[in-house]
Amino acid sequence: MNQMAPVHSDQEAAMATAIRVLAMDAVEAAKSGHPGAPMGMADVATVLFNRFMRIDPSDDKWPDRDRFVMSAGHGSMLVYAINHMLGYDDMGMDQLRAFRQLGSRTAGHPEYGHAKGIETTTGPLGQGISTAVGMALAERMMNARFGDDLVDHWTYVICGDGCLMEGISHEAIDFAGHQRLGRLIVLWDDNRITIDGGTGLSTSTDQQARFATSGWHVQAVDGHDREAVAAAITAARQDDRPSLIACRTVIGYGAPNKQGSHDVHGAPLGAAEIAAARAHLGWTYEPFALPQEILDSWRSVSARGAKARLAWQERLNRSPLKADVTASLTAPAAIQLRQAIAAFCQTLANDRPKVATRKSSEMALEVVNAVLPNTVGGSADLTGSNNTRTKGMTAVTAADRTGRYIHYGIREHGMAAAMNGIALHGGLIPYGGTFLAFSDYSRPAIRLGALMGVPVIHVMTHDSIGLGEDGPTHQPVEHVAALRAIPNVLVFRPADAIETAEAWEIALTAPRTPSVLCLSRQNLPTVRDAAPENLTRQGAYVLRDTDGPRDVTLIATGSEVELALAASDMLAGQGLRAAVVSAPCFELFAARPAEEREAVLGQAPRIGIEALIRQGWDGLFLRPGDGFIGMTGFGASAPAPELYRHFGITTDATAELANQLIRGGK
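In short, a report on the structure. (Residues numbered from 1 in each chain as written. Predicted model: local features only at pLDDT ≥ 70, side-chain atom pairs only at ≥ 80, totals over all residues. Heavy atoms only, no water.)

So, about the overall build of the protein chain. Helices and strands together make up the secondary structure of the protein chain, namely 25 helices and 18 strands. Computed over C-alpha atoms, the radius of gyration of the protein chain comes to 28 Å, within 12% of the 26 Å expected from 2.2 N^0.38 for 666 residues, which places it in the range of a compact globule. If one aligns the C-alpha atoms of the protein chain with their principal axes, the spans along those axes are about 90 × 55 × 45 Å. Looking at the 666 residues of the protein chain, the share that counts as buried comes to 62%. If you take every contact in the protein chain between residues at least 6 apart in sequence, the share linking residues at least 24 apart comes to 78%. Total accessible area computed for the protein chain in this model is approximately 23,800 Å², and 51% of it derives from carbon and sulfur atoms. In the protein chain, 59 positive and 72 negative side-chain charges are present, and the distance between their average locations comes to 2 Å. (Helix = DSSP H or I, 4+ residues; strand = E, 2+ residues; numbered from the N terminus. Rg over C-alpha atoms; globule rule 2.2 N^0.38 Å. Buried < 20%, exposed > 50% of the residue type's maximum accessible area, 1.4 Å probe, protein only. Contact = heavy atoms within 4.5 Å. Areas by Shrake-Rupley, 256 points an atom, 1.4 Å probe, with all protein chains shown as cover. Lys, Arg positive; Asp, Glu negative; His and termini not counted. Charge placed at Lys NZ, Arg CZ, Asp CG, Glu CD.)

Here the focus is the packing of aromatic side chains. This model, assessed by the stated rule, comprises 16 aromatic pairs. Feature note: the residues F586, F589, W617, F621 and F628 constitute an aromatic cluster, connected by ring pairs. The ring of W154 carries R183 above its face, with NZ or CZ at 4.4 Å from the centroid. (Phe/Tyr/Trp six-rings, centres within 6.5 Å; stacked < 30°, edge-to-face > 60°. Lys NZ or Arg CZ within 6 Å of the ring centre and 35° of its normal.)

Spatially, five strands are ordered β14-β16-β15-β17-β18 in an open sheet, and the strand pairing comes out mixed. In the strand order of this sheet, the two ends are held by β14 (541-544) and β18 (627-629), each with one partner. Averaged over all neighbouring strand pairs, the angle between strand axes comes to 30°, with direction disregarded. Where strand β17 (residues 606-609) and β18 come together, three bridges link them in parallel fashion. Paired with G608 across the strands is F628, a residue of β18. (Pairing = 2+ DSSP bridges. Axes fitted to C-alpha atoms, helices over the stretch in contact; angles between N-to-C directions.)

Further remarks concern the packing of helix α4 (residues 76-86) against helix α12 (residues 292-318). The N-to-C vectors of α4 and α12 enclose an angle of 85°; their axes lie 7 Å apart at closest approach. One finds that α4 runs roughly perpendicular with respect to α12. Residue-level contacts link I82, H84, M85 and L86 of α4 to I294, L295, W298, R299, V301 and S302 of α12. In terms of residue class, the contact of α4 with α12 is built from seven nonpolar, two polar and one charged. (Parallel < 35°, antiparallel > 145°, perpendicular 65-115°, else oblique. Nonpolar A, V, L, I, M, F, W, Y, C, P; charged D, E, K, R; others polar.)

Attention shifts here to the side chain of D66. In this fold, D66 is placed in the loop between α3 (42-52) and β1 (67-70). We note that D66 is buried and unpaired, the nearest opposite charge coming from R54 at a distance of 4.8 Å. From its side chain, D66 meets the backbone nitrogen of R54 in a polar contact 2.8 Å long. Polar side-chain contacts of D66 include one of 2.9 Å to the backbone nitrogen of W154. (Salt bridge = Lys/Arg side-chain N within 4 Å of Asp/Glu carboxyl O. Polar contact = N/O pair within 3.5 Å; in protein donor to acceptor, adjacent residues only side chain to side chain.)

In structure tokens, the structure reads:
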């Protein structure tokens, strides 16, 4: 449906020049930034937007818009310059003048949610192209559900040499080639310059061969030959494989004395070089001034997009699938989900299953996936261990996009980034699994998801030394603390099947927060009764209170809640009153008012119990002088019960420490 727009070459050249001068002026005003990439890729970007992109700045969330990702996020002024000229109402010239300044929408790197027309946060190199893979996959999956009339758009990426050096790029291009994502077109800024100097300092990879080997359609063009760029994009759109177009460019193109050098990569050009560039480019206007004819040319792109959007809206209004499309694009049905989860929890309370929480998660997902038809599961080659595939889920393949389960392969980082892209695209709710010990591989994408406020769900199983014989390489003693350290992430470590189901409900209805479910390999008893409300939403709550004043409060998470309850029984036999607090989500507990937290924790001595390191407990749950039962170093290879005894995470050790604290407080 996209058609190339007829343009005049001189007009298009002026449109590209406008990008260059706005980039160098904004970087100069900020006294920091990266003018080289925007100036070098101005011709490519102008051709892309002028002849191919279908967007409507008056409706920046139009579902069938084309997506543009500036993976080389340091070149953010290219995005801001274009969005200003396209007419986004939040990108006035005042924003370009305030580039990189506090409170502006024009941050140093493109930030999703800060301004319209920014599809994803980029900056950490390689993340943009990898997130775009998820967007392109989501487009094909939505197309399979709703057809060409309602889902028919493209994902375009500008990436640089650095993006392709990062390891995540290999995960992304391999996966995209395997999935044959023909609606993904990557425009590589092949300027052969990095911060340190020429790319020859650190790489000799034949990138075109690498992409071709991964199943991509590959072309190479002069990035300053606009007709060649247009012809390459046209050819890419006619191929059913994802496409790489290697655009040979000159970094800082237009700055006569600095172009082609690493000196123009990440520093202002300076007044003298900017004056020389203006003369070289034939640009006679003052800084931040644009002639009306150039603005009109860019605004014609927006006008074509508005026309396309209105035609799409008419098709949607006539479509019998309108209600389904609308439902897929709105937030999950929270009331319906709450009712289903509550009924499931009552069944669990009656049946009292003793199962690993990874199995509990699978049981909860059977309920979730029946209620929410647009959830999309997956795993990084650990489906049988993560328990992320429920009955009736079929695989998403290059030949059939109608499925709901994605085999990401052994690509944890790529999986997490792709899930960000799926969520950002809209219409689908992604979750994916791996071992908790491999969350380090996923962490950069989890962090970006948190920064963007993308509600992706990460299922992390084998959550402690309780996994046993696989040993310390697979025993995540410090990983939960590291995940809890990321702002705007909900980290759940449920104690049983009921808390696991409640965690799923919370994760699926969190509008702007990613979640991590840390789940056990070993079986855990049901320790909870059903409740009229979701107790896990409190973050921590009194699971067992005392008859009379507390002598000690035992606070535990996950598999150690069972241990805390046993220790409470042992202490009761010694005449001591020990309350038990289950703390499945530190972040939710921290958000509660201080007086509510104190009511849960009490004033008696406290002991935290978790088969992980102590970091993250102090200040929220533990005070100076309170105790902790857990890990102080790495684990070992042995059956889980032996490991718990070896590392002193036992009922006896807990009761002994409680006695010490109680005696010390008297």
